[in-house]
Amino acid sequence: MKNRLSSNGIVGIILFVLAAAGFIWSYSMNLRPLEVFIPRIALGLIAAGGILVLIKDLLEDPEKKDLPPRENLLPYIAGIVLAMWLYGWAFRNIGILTSTFIFLSLWWIWVSLRDEKAQVSNQPLAIKLGKLTGAALLITACIQLLFIELLGMHMPTTPLP
Amino acid sequence: MFEMDAMREAFYMVFALDTVLFIMLGVLIGISVGAIPGLAHSLPIALVLPFSFVLPLHQTMGLLIGTYKGGTFGGSITAISFGTPGTSGAAATVKDGHALTQLGKGKKALQMGLYSSITGDVISDIVLIFLVVPIGAVAPRFGPAELTALYFVALSLVVVFTAQNPGKGIISAGIGFFLAIIGRDILTGGIRFTFGLRQLEAGIELVPLLVGFFALPNIIKEIHGVITKPTKPEVSGEDPKELMKKKEEGLTFKEFISSWRGLGLGTITGTLLGALPGPGATLCSYTAYSVVSQISKDENYGKGALEGVATAETANNATCGATFIPMLTFGIPGSSIAALLMAALIMEGIPLGPRTVVDHTEAVYTLFLLLILANPFNLILGKLLIPVYSKLTRIPASVLWPVIALVIVIGMYALNHRPFDIVICLAAGVIGYFFKWFKLPDGPLVLAFLVTPLFEANFRQAITMARGDITFFFGSPISQTLWIVAIIAIVFFVTRRRKSGQQ
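Residues numbered from 1 in each chain as written. Chains lettered and ligands numbered in written order. Predicted model: local features only at pLDDT ≥ 70, side-chain atom pairs only at ≥ 80, totals over all residues.

### Digging into the overall build of chain A
To keep things clear, this is the line we draw: Segments assigned H or I by DSSP are reported as helices when at least four residues long, segments assigned E as strands when at least two residues long, and all are numbered from the N terminus. Each residue is represented by a C-beta atom placed from its backbone, and any two residues with such atoms within 7 Å are regarded as in contact.
A tally of regular secondary structure across chain A gives 5 helices and 0 strands. For chain A, the sequential pattern of α-helices and β-strands runs α-α-α-α-α. In chain A, the share of contacts with a sequence separation of at least 24, taken over all contacts with a separation of at least 6, comes to 72%.

### Quick notes on the overall build of chain B
Tallying secondary structure elements over chain B gives 22 helices and 2 strands in all. Residue pairs in contact within chain B that sit at least 24 positions apart in sequence constitute 78% of those at least 6 positions apart.

### Quick look at helix 4 (residues 96-117) of chain A
Applied cut-off: Each residue after the first adds 1.5 Å to the expected span of a helix. We call a residue exposed when 12 or fewer other C-beta atoms sit within 10 Å of its C-beta, buried when the count reaches 20 or more, and partly exposed for counts in between; the C-beta positions come from the backbone.
Helix length check: helix 4 of chain A, at 22 residues, gives a terminal C-alpha distance of 31 Å against a target of 32 Å (1.5 Å per residue), a fit within 8%. Listing the buried residues of helix 4 of chain A in full gives A:I96, A:S99, A:T100, A:F103, A:L104, A:W107, A:W108, A:V111 and A:S112. The secondary structure elements touched by the buried residues of helix 4 of chain A are helix 3 (74-93) and helix 5 (125-150) of chain A together with helix 9 (206-228) and helix 19 (397-416) of chain B. Downstream of helix 4 of chain A by a residue or two, A:Q119 has a phi angle that is positive, lying close to 50 degrees.

### Focus: the interface of chain A and chain B
Basically, it comes down to this: Gly is placed with the polar residues, together with every amino acid not listed as nonpolar (Ala, Val, Leu, Ile, Met, Phe, Trp, Tyr, Cys and Pro) or charged (Asp, Glu, Lys and Arg).
In this complex, chain A contributes 49 residues to the contact, which on the side of chain B involves 49 residues. Looking at the side of chain A that touches chain B, the elements that each hand over two or more residues are helix 1 (7-25), helix 2 (37-59), helix 3, helix 4 and helix 5 of chain A. Looking at which element gives the most residues to the side of chain A that touches chain B, the answer is helix 2 of chain A, with 13 residues. Split into classes, the residues belonging to the side of chain A that touches chain B amount to 36 nonpolar, 7 polar and 6 charged.

### Quick look at unusual backbone geometry
Excluding glycine, residues mostly have negative phi values, and the peptide bonds linking residues are mostly trans. Residues and elements named next belong to chain B. Of note in this structure, F193 is not a glycine but carries a positive phi near 45 degrees. Along the chain, the position of F193 falls in the loop between strand 2 (191-192) and helix 9. Phi angles above zero are rare outside glycine, and K439 is one such case at about 55 degrees. As for its position among the elements, K439 is in the loop between helix 20 (419-437) and helix 21 (443-465).

### Brief notes about the domain arrangement of chain A
The criterion, for reference: As used throughout, domain bounds are those supplied by an automatic or database domain assignment.
The domain architecture assigned to chain A consists of domain 1 (7-64) and domain 2 (74-150). Of note, the centres of domain 1 of chain A and domain 2 of chain A, computed from C-alpha atoms alone, are 42 Å apart.

### Quick word on the packing of helix 2 of chain A against helix 8 (residues 166-181) of chain B
Heads up, the rule is: Structural elements are reduced to axes, namely lines fitted to C-alpha atoms, with helices fitted over the stretch in contact, and the angle between N-to-C directions of any two is expressed from 0 to 180 degrees. Orientation is classified from the angle alone, with under 35 degrees giving roughly parallel, over 145 giving roughly antiparallel, 65 to 115 giving roughly perpendicular, and any other angle giving oblique. With the far helix as reference, a near helix turned anticlockwise by less than a right angle produces a left-handed crossing, and one turned clockwise produces a right-handed crossing.
Where helix 2 of chain A contacts helix 8 of chain B, the two axes come as close as 7 Å, and the packing angle between them is 160 degrees. In terms of orientation, helix 2 of chain A lies roughly antiparallel with respect to helix 8 of chain B. Considering only the axes of helix 2 of chain A and helix 8 of chain B, their crossing is left-handed. Tallied by class, residues from the contact of helix 2 of chain A with helix 8 of chain B come to 18 nonpolar, 4 polar and 2 charged.

### Some remarks on the confidence of the model for chain B
All names here are of chain B. The line we're drawing: pLDDT runs from 0 to 100 and stands for how confident the predictor is about each residue.
On average, residues of chain B score 82 in pLDDT, and 88% of them reach the 70 mark or higher. Low confidence marks residues 233-238, where pLDDT is under 50. Its contacts with residues over four positions away, or in another chain, come to 5 contacts. Overall fold confidence (pTM) sits at 0.78, and the ipTM for the predicted complex is 0.89.

### Structural notes on the nonpolar core
The following threshold applies: For our purposes the nonpolar core covers buried Ala, Val, Leu, Ile, Met, Phe, Trp, Tyr and Cys residues that link as a set through C-beta atoms within 7 Å.
One finds B:V409 and B:V451 to be the most contacted residues of the largest nonpolar core, which totals 187 residues. With residues near it in sequence (within four places) discarded, B:V409 still touches A:M84, A:Y87, A:G88 and B:I422.

### Quick word on the environment of B:V407
Topologically, B:V407 is positioned in helix 19. Considered as a pair, B:V407 and B:I36 are 371 residues apart in the sequence and their alpha carbons are 7.6 Å apart.

### Quick notes on the environment of A:L59
Residues and elements named next belong to chain A. Here L59 is to be found in helix 2. On the basis of neighbour counts, which here come to 8 C-beta atoms within 10 Å, the residue L59 falls in the exposed class. Along the primary structure L59 and Q119 are separated by 60 residues, whereas in three dimensions their C-alpha atoms are 50 Å apart.

### Points about the packing of helix 3 of chain A against helix 4 of chain A
All names here are of chain A. Two elements in contact, helix 3 and helix 4, have axes separated by 7 Å at closest approach and are oriented at 145 degrees. Remark: the crossing between helix 3 and helix 4 carries right-handed chirality. The segment helix 3 lies against helix 4, with Y87, A90 and F91 engaging I96, S99, T100 and F103.

### Some remarks on the environment of B:A405
In this structure, B:A405 sits in helix 19. Looking at B:A405, the number of C-beta atoms within 10 Å reads 23, which means it is buried. Once the C-alpha coordinates of B:A405 and B:L454 are considered, the two residues, 49 residues apart in sequence, prove to be 32 Å apart. Setting aside residues no more than four positions away along its own chain, B:A405 makes contact with A:M84 and B:I219.

Written out as structure tokens, the structure reads:
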């Protein structure tokens, strides 16, 4: 089928719908016209951009379409973002020393065990684990020295951000 | 008027062992801390500020100026090595700098970053010394109408980025505008688009946004690679030990000089915009970067060109000397760092204002000499640290990237001690990943995000002053010139892009 819609065009439509909804919503806000002047320009630009992307997508030769890769990275993005947020929560609640050491050593132990299972490493597992645990300790100490001892970072216990 | 006696006194104070040691210490702190994402160099400057109560002027300012200059360069180290800007001013360096590292030319890129930083710094210092009075006289003529026109010129550069792919460029600029207006209205305090989140009322901070936007997509890519493709180091071609020992080719003089367009325009942009209160190093480097993208003959510009690194870094560092111009002539701090330096000078008993140069000539000459003397130390210490950082990039991804991820999280918290900054950084990272996946240009977003608050504040101030009369924006010769420049720039860039597109 000629001129079928690609991911580009679909994202263009989604952006247009979201921006147009925001633009309409701005009229129901309890704000003065000058306060919503720039926000409306912003939303209008996103909507216009979405339409332009859609038009370009429809006019483009399907064989030449520049499709983004279809690799499913969403679980990885969610996992990494969650792990980083969890570390942010952990260092404020269980301390920078404990949390940094736990996060680094857990990650490296998992990577080493997986490499061992897949037999991609020539180094004995015990030596590798020893080296990485030492590295985790050293990095933890450096982070503690820099952020807590030198910069005197204040860390109150806050259950949620 | 030049005063020989004051210069002699300043010379003896600055070229003493104690001052030199304080400058060296400052540069070392600046480079090291500037290279840690989130720890912008304003933090170490704020930390050493209390020393101004106990140390004399030349030692305090030596330490602070060293930290400022070292930090401004330090931000580029991680930008080039890991695609993670250490300071917001180094964000424009990421594109070409990190691409060069991925091409195995990390050392060249780092050296270009260092040499162009020093070039921008030195020229900006010389300009400060000779033009402090004339440039300072023009700066206060910029009222809200003139500043609106000036920021419109900056916004017109969005066209440069969008001209190649208008649809995606416009989306990127729109998202930049939108992110910039989230939070309390600058004039009325009305709450805009916070979606009920109290933490968003303060708006979105620049540093978490830029660090997340640029760093997180790299972290995701690298960690995804580690998880899905566990490969033997030997399979990848080189033994890690050998890889660490391997010497990379350095930058040649010919390569450095061939980036003369970037070096020249970067210096001019950084010095001129840096002399105005508001724009800051990030806007200066992005402005210069986008202008040079139009005239550069290097086909790899934006994809791994030394000229891109040179432009961004010269403009970034050229703001160092220029920041002192409004400070020494009118007592106006041009940036948050300038405000900290100003506080140190006031604590040292130097009141800043139109009479500073006349009443405290010796102190002003001391500052000039300190600014110039900090440059060779920045060069020497930078040269010593470059091999260390270029080797760090060869550490296996499974070891290096988790550490970078954790340091970013702590750095974002250390910035304001606000846990929500971590959330902003992570959300910006997801947006950054979407930009990469959807192939949206990042330039329009950053430019729009930086300029929008400045543009909106001045535009609304001007419109209030003029009581709705639009002609107010075109009243003075300065604003007329700036509007003409904006129109010419838009027409020039659009027609140029069209021509190159047709070819």
